Amino acid sequence: MKIQVLGPGCKRCNQLYDNVVEAVKSLNLADRAEIVKVGDLDVFAKYGVFTTPGLVIDEQVISVGKLLTVQEIEKEIKARI
């Protein structure tokens, strides 16, 4: 599973990344999930993300411009396992 956090490095983007890490750990998926911070504007455009932070799981855009909680991220991950 590949999880991408799209953002230029703002506070909310960094918090979303931390929440993703926490969700992956709580689901015991650290060995099966690749978590990547993406700051490339071309990648944002590819996914149609023009408001950050963005969350992409396995090439599917999950959220745009929203700071998801750990629980919300867990729910999205569980739906894709």
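Keep in mind the model is a prediction, meaning the values are calculated, not measured.

## A closer look at helix 1 (residues 11–26)
Between its first and last C-alpha, helix 1 extends 22 Å over 16 residues, near the 22 Å set by a 1.5 Å rise per residue. Listing the buried residues of helix 1 in full gives Cys13, Leu16, Asn19, Val20, Ala23 and Val24. In an axial view of helix 1, the angular spread of the buried residues amounts to 135 degrees, which keeps them on one side of the axis. Along helix 1, the residues that are exposed and aim more than 90 degrees away from the buried face are Lys11 and Lys25. Packing partners of the buried residues in helix 1 comprise strand 1 (2–6), strand 2 (34–38), strand 3 (54–57) and helix 3 (70–78). In the stretch just after helix 1, Asn28 is the one whose phi turns positive, near 55 degrees.

## Side note on the pairing of strand 3
Side chains Gly54 and Val56 project from strand 3 onto one buried face, and the interleaved Leu55 and Ile57 project onto a second face that is buried too. Two strands pair when backbone bridges link them, and strand 1 and strand 3 are joined in this way by four bridges, in the antiparallel orientation. Looking at the pairing, Ile3 lines up with Ile57 of strand 3. With four bridges connecting them, strand 3 and strand 4 (residues 60–64) associate as antiparallel partners. For Leu55, the partnering residue across the bridge sits in strand 4 and is Ser63. In textbook terms, the turn of a hairpin is the stretch between consecutive antiparallel strands, and for strand 3 and strand 4 this stretch comprises two residues, one of which, Asp58, has a positive phi near 45 degrees.

Definitions and cut-offs
Residues numbered from 1 in each chain as written. Predicted model: local features only at pLDDT ≥ 70, side-chain atom pairs only at ≥ 80, totals over all residues. Heavy atoms only, no water. Helix = DSSP H or I, 4+ residues; strand = E, 2+ residues; numbered from the N terminus. Expected span 1.5 Å × (residues − 1). Buried < 20%, exposed > 50% of the residue type's maximum accessible area, 1.4 Å probe, protein only. Arc of directions from axis to C-beta. Contact = heavy atoms within 4.5 Å. Pairing = 2+ DSSP bridges.

Spatial relationships are all this shows, so hold off on functional conclusions.
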